[in-house]
Amino acid sequence: MNSTVSVPYARVDCSGNEMAYVREVLESGWLTTASKTHALEGAFRSMIGCGHAIAVNSCTSALHLALDACGIGPGDAVLLPSLTFTATAEVVRYMGADPLLVDVDPDTGCLDRSIVASALEHHPTVKAVIAVHYGGYPILMHGPDGLATLCRERGIRLVSDAAHALPARRDDEYVGRAGDVTCLSFYANKTMTTGEGGMLLTDDDEIAARAKLMRLHGIDRDVWNRFIDSKNAWEYDVLAPGFKYNMPDINAAVGLAQFERLEGMRSAREACAAFYLKHLSNVPGLRLFVTDVPSGDHAWHLFPIVLTEEAAVSRNDAIKALAERGVGTSVHYKPIHQLTYYRERYGLTAETFPETEKIWRGCLSLPIYNLLSDRELRHVVESVIDIVSPGYDQLCLAN
Ligand SMILES: *Cc1c(COP(=O)(O)O)cnc(C)c1O
C-alpha cells in the first residue's frame, strides 16, 4: 500500500481562462452584473436549448426564485426526496410552504414517476415536486414512465434541483429542458464553479419574468430600461419585495472559463467512474448505484458507494480508515428527516424512509474529478477494497 499518495475529496481546476477573464472584469471597473453574466446566460441558453437562463448567486437562490415564480405559498405542500442537501427543503420553508419528504428509488437515489404517483394518492393537494438528480443521474422525464409527464397530467409544478446534473442528458435532451424550472449550482466543488453561483433555466416566459424581477429587489429592469432615456437615470420602481440574488461579473468570468471546459471535465469524471465501476462492481460488502443511461449522459458529480451488512467495517470506520490512507471522502446525505428542525417540526421517523435509511447508514462518496491521476484512482480502489472487503481478490488491479 502506497501511503505517500494523498487524494483529497475535491480539487478545483482553474487552469483555463479563469484568471484572464477575471482580470478583464477587474480592469473594466464594473464588477457586478454586466456583460460577463449576460454572456454566461447566453452560453447556457444555447447549450441547454431553453428559452431563459437567469444567473444568480447560488442554486439555493435559484430554487427560492423557482418556487416563488411557481406561485408556491403558505400552507402549500411541496414534495421532495429526503435524500438531498438541506437547501432543497429550506427553500420550501422560505415560502411558508411545507416540505413533504418521500423515500427514493434505491437503485438511483432519486424520485421517479411511481414514487411520486403513490405519494400523490395520499397527498392529492401537492402543489409542486422538487426532483433531485442525485449524483448527476438524469431522472427519466418523458414518455409514459416519465416524471415530467406525470406532473403535467396532474397539473403539478415540477422543479429540478440539478445541482449535481450539469451537464447530464437523457434521451438526447439536457437536464434543464423538462419540467417548469431547473436550478444549477456553481458552488466551489460542483461540476463547474463560479466560486458561489447558480442558474435558473426555464422555457416559461412568465416564470422567467417573475424570477428576473425578484432576483434584484423587485426592480422592474425592463420597464426601467424602457424609460431610462425619458426619466432621470437614478429613478426606479419596485413592483414586489424582491431579493438580492444577482450574479456578479467577477463570478461569471470564472464561470465562462469553466464553461469552456465543461464537457472535457465531464468526460474525465466519466473515466474515473468507469474505473470505479470496473473494479468495485463485484466487491462483497459494497453496493453501487445503477447507471442505466448511455455513456456520456451521466454528469458524474458524485461517486457514492453504499456499504452493506457484509462490509468488514461500518461506514464511519471506513471513512476514518480511508482518511488514514490519505483518501478524502464525503457523505451524501444525512437525510432531511434526520435533521432536528425538520424531524421535530414535522414529527418525522426513520421507518417512513427505509431505502433512504439504508443508503444513509452505508453511504460515502469517493473522489471524482478531472484532476485525478491513474495512480490516485488505483490507490482509492485498493484502499476501499482493503478496508471494506479484505481478502477480496484484487488481481485485476495488477495490470
Ligand atoms: C449544492 C447543492 C445545493 C445548493 O447549491 P448552492 O449553489 O450552494 O446554493 C442544492 N441542492 C443540492 C442537491 C446540492 O448538492
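Residues numbered from 1 in each chain as written. Predicted model: local features only at pLDDT ≥ 70, side-chain atom pairs only at ≥ 80, totals over all residues. Heavy atoms only, no water.

Taken together, 16 residues are adjacent to the ligand, and Thr60, Asp161, His164, Ser185 and Lys190 come closest. Here an oxygen atom of the ligand sits 2.8 Å away from a polar atom, N or O, in the side chain of His164. Side-chain polar atom of Tyr333 to an oxygen atom of the ligand: 3.1 Å apart, as the coordinates give it. A total of 380 Å² of accessible area belongs to the ligand in isolation, and the protein chains cover 93% of it. Along the lines of polarity and charge, the residues of the shell around the ligand split into seven nonpolar, seven polar and two charged. (Near = heavy atom within 4 Å. Polar contact = N/O pair within 3.5 Å; in protein donor to acceptor, adjacent residues only side chain to side chain. Areas by Shrake-Rupley, 256 points an atom, 1.4 Å probe, with all protein chains shown as cover. Nonpolar A, V, L, I, M, F, W, Y, C, P; charged D, E, K, R; others polar.)

One pass over the structure, following the stated rule, counts 20 salt bridges. In this structure, Arg93 engages Asp98 in a salt bridge whose closest nitrogen and oxygen atoms are separated by 3.4 Å. Residue classification places Asp98 among the partly exposed positions, given a relative accessible area of 25%. Sharing partners across several salt bridges, the network here consists of Arg169, Glu263, Arg266, Glu270 and Asp297. (Salt bridge = Lys/Arg side-chain N within 4 Å of Asp/Glu carboxyl O. Buried < 20%, exposed > 50% of the residue type's maximum accessible area, 1.4 Å probe, protein only.)

Our focus in this paragraph is the sheet that holds strand β9 (residues 198-202). Ordered in space as β1-β9-β8-β5-β4-β2-β3, the seven strands form an open sheet in which the pairing is mixed. One side of each edge strand has no neighbouring strand; the edge strands of this open sheet are β1 (52-56) and β3 (98-102). Across the sheet, the axes of successive neighbouring strands diverge by a mean angle of 20°, strand direction being ignored. In terms of strand pairing, β1 meets β9 through five bridges, oriented antiparallel. (Pairing = 2+ DSSP bridges. Helix = DSSP H or I, 4+ residues; strand = E, 2+ residues; numbered from the N terminus. Axes fitted to C-alpha atoms, helices over the stretch in contact; angles between N-to-C directions.)

Counting buried positions over the five residues of strand β8 (residues 181-185) gives five, a clear majority of the element. Every second residue of β8 is oriented toward a common face, with Val181, Cys183 and Ser185 on one face and Thr182 and Leu184 on the other, all of them buried. Pairing between strand β5 (residues 157-161) and β8: three bridges, direction parallel. Residue pairing across strands places Val159 opposite Val181, the latter belonging to β8. By the bridge criterion, four bridges tie β8 to β9 in an arrangement that is antiparallel. The residue of β9 that forms the bridge with Thr182 is Leu201.

Turning to the sheet that holds strand β11 (residues 303-307), a few remarks are in order. Reading across from one edge, β10-β11-β12 is the order of the three strands in this open sheet, with antiparallel pairing throughout. The two strands at the open ends of the sheet, each matched to only one other strand, are β10 (286-288) and β12 (363-366). When the angles between neighbouring strand axes are averaged without regard to direction, this sheet yields 35°. When β10 meets β11, the two strands line up antiparallel, connected through three bridges. Considered in β11, the bridge of Leu288 is made with Ile305.

Below, the discussion takes up unusual backbone geometry. Both trends apply: most residues other than glycine have a negative phi, and most peptide bonds are in trans. Of note, the amide linkage connecting Leu166 to Pro167 takes the cis form, showing an omega dihedral of -5°. Considering the arrangement of structural elements, one finds Pro167 in the loop between β5 and β6 (169-170). Backbone torsion omega between His332 and Tyr333 reads 5°, so that peptide bond is classified as cis. Topologically, Tyr333 is positioned in the loop between α11 (315-324) and α12 (340-346). Positive phi, close to 65°, is recorded for His217, a residue that is not glycine. Inspection of the secondary structure assignment puts His217 in the loop between α7 (205-215) and α8 (221-227). Of note in this structure, Trp300 is not a glycine but carries a positive phi near 50°. Here Trp300 is to be found in the loop between β10 and β11.

Between helix α1 (residues 18-28) and helix α9 (residues 249-260), the shortest axis-to-axis distance is 8 Å and the interhelical angle comes to 155°. With respect to their mutual orientation, α1 and α9 come out roughly antiparallel. Considering the relative orientation of α1 and α9, their crossing is right-handed. Here Glu18, Tyr21, Val22, Val25 and Leu26 of α1 come into contact with α9, specifically with Asp249, Ile250, Ala253, Val254, Leu256, Ala257, Gln258 and Glu260. (Parallel < 35°, antiparallel > 145°, perpendicular 65-115°, else oblique. Left-handed = near helix turned anticlockwise from the far one by under 90°. Contact = heavy atoms within 4.5 Å.)

Attention now goes to the packing of helix α3 (residues 59-69) against helix α4 (residues 86-94). Helix-helix packing: each pair is described by the crossing angle between the helix axes and the interaxial distance. Interaxial distance between α3 and α4 falls to 9 Å at its minimum, and their mutual angle equals 40°. By the angle between their directions, the pair α3 and α4 is classed as oblique. α4 is crossed by α3, and the crossing has right-handed handedness. Contact with α3, carried on its side by Thr60, Leu63, His64 and Leu67, involves Ala87, Thr88, Glu90, Val91, Val92 and Tyr94 of α4 and no other residues of that element. Here the contact of α3 with α4 is composed, by residue class, of six nonpolar, three polar and one charged.

As a further point, take the pairing of strand β2 (residues 77-81). Counting buried positions along β2 yields five of five residues, so the element is predominantly enclosed. Going residue by residue along β2, you find Ala77, Leu79 and Pro81 tucked away on one face and Val78 and Leu80 tucked away on the opposite face as well. Alignment of β2 against β3, held across five bridges, turns out to be parallel. The partner of Leu79 across the bridge, within β3, is Leu100. Regarding topology, α4 serves as the crossover connection from β2 to the parallel β3, and that connection is right-handed. Judged from the two bridges that link them, β2 and strand β4 (residues 128-132) form a sheet pairing that is parallel. Paired with Val78 across the bridge in β4 is Ala128. (Right-handed = clockwise from strand over helix to strand, strands pointing away.)

By themselves, these are just geometric observations and shouldn't be taken as functional.
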